Amino acid sequence: MADVTLSATPKGNGFQATVTYSNGVSISSAEAFPTKAEAISAAAMKVLDMPDRLEEFDASDAKG
């Protein structure tokens, strides 16, 4: 089963968005967001902008 975690960590005067996939790949934003909610929303948008990552999980699940 594939998992995607969205998180926000302190960075400068705000929070950095991070998307972490269960296969160990993580992607963090270069910019900081004023609130945790905005950072997590940005992480969610990043997931939606890269559907190929989710399709890879589907393909690996179908094979295994």
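How each quantity is defined
Residues numbered from 1 in each chain as written. Predicted model: local features only at pLDDT ≥ 70, side-chain atom pairs only at ≥ 80, totals over all residues. Heavy atoms only, no water. Helix = DSSP H or I, 4+ residues; strand = E, 2+ residues; numbered from the N terminus. Buried < 20%, exposed > 50% of the residue type's maximum accessible area, 1.4 Å probe, protein only. Polar contact = N/O pair within 3.5 Å; in protein donor to acceptor, adjacent residues only side chain to side chain. Contact = heavy atoms within 4.5 Å. Core = buried A, V, L, I, M, F, W, Y, C linked by side-chain atoms within 4.5 Å. Patch = residues over 30% accessible without salt bridge, like charges linked within 9 Å, V, L, I, M, F, W, Y side chains within 5 Å. Areas by Shrake-Rupley, 256 points an atom, 1.4 Å probe, with all protein chains shown as cover. Salt bridge = Lys/Arg side-chain N within 4 Å of Asp/Glu carboxyl O. Lys, Arg positive; Asp, Glu negative; His and termini not counted. Charge placed at Lys NZ, Arg CZ, Asp CG, Glu CD. Pairing = 2+ DSSP bridges. Axes fitted to C-alpha atoms, helices over the stretch in contact; angles between N-to-C directions.

An unreviewed UniProt entry lists the chain under the name DUF1508 domain-containing protein, with Novosphingobium decolorationis as the source organism.

> I would appreciate a short explanation of the side chain of Ser-29 in the present structure.
Within the secondary structure, Ser-29 sits in strand E3 (residues 26–33). A relative accessible area of 13% means that Ser-29 is categorised as buried. Separated by 2.9 Å, the side chain of Ser-29 and the backbone oxygen of Glu-31 make a polar contact. Discounting chain neighbours no more than four positions away, the residues touching Ser-29 are Lys-11, Gln-16 and Ala-17.

> How should the nonpolar core be read in this particular structure?
Within soluble globular proteins, side chains that are nonpolar generally end up buried alongside one another. Of all hydrophobic cores here, the largest spans 12 residues; its members are Ala-8, Phe-15, Ala-17, Val-19, Tyr-21, Ile-27, Phe-33, Ala-39, Ala-43, Val-47, Met-50 and Phe-57. Counting residues per element, the ones that place at least two in this core are strand E2 (14–21), E3 and helix H1 (36–49). In terms of residue count, the dominant contributor to this core is E2 (four residues).

> It is not clear to me how a negative patch on the surface should be interpreted in this structure. Could you clarify?
Among the surface-exposed residues, Asp-52, Glu-55, Glu-56 and Asp-58 lie close enough to one another that they form a single negatively charged patch. Within the secondary structure layout, Asp-52 lies in helix H2 (residues 51–63).

> Help me understand a nonpolar patch on the surface, please; the structure alone is not making it clear to me.
Taken together, the side chains of Val-4, Leu-6, Ile-40 and Leu-54 define a hydrophobic patch exposed on the protein surface, amounting to about 260 Å² of accessible area. Relative to the assigned elements, Leu-54 resides in helix H2.

> What exactly am I supposed to notice about the sheet that holds E2 here?
Spatial strand order, E1-E2-E3: three strands in an open sheet with antiparallel pairing. The two strands at the open ends of the sheet, each matched to only one other strand, are strand E1 (4–11) and E3. The mean inter-strand angle of the sheet, taken between neighbouring strand axes irrespective of direction, is 20°. By the bridge criterion, five bridges tie E2 to E3 in an arrangement that is antiparallel. What sits directly across from Gln-16, in E3, is Ala-32.

> I tried to follow the side chain of Thr-18 on my own but got confused; where do I start?
Relative to the helices and strands, Thr-18 resides in strand E2. Filtering out sequence-adjacent residues up to four positions away, Thr-18 remains in contact with Thr-5, Leu-6, Ser-7, Ser-26, Ile-27, Ser-28 and Ala-43.

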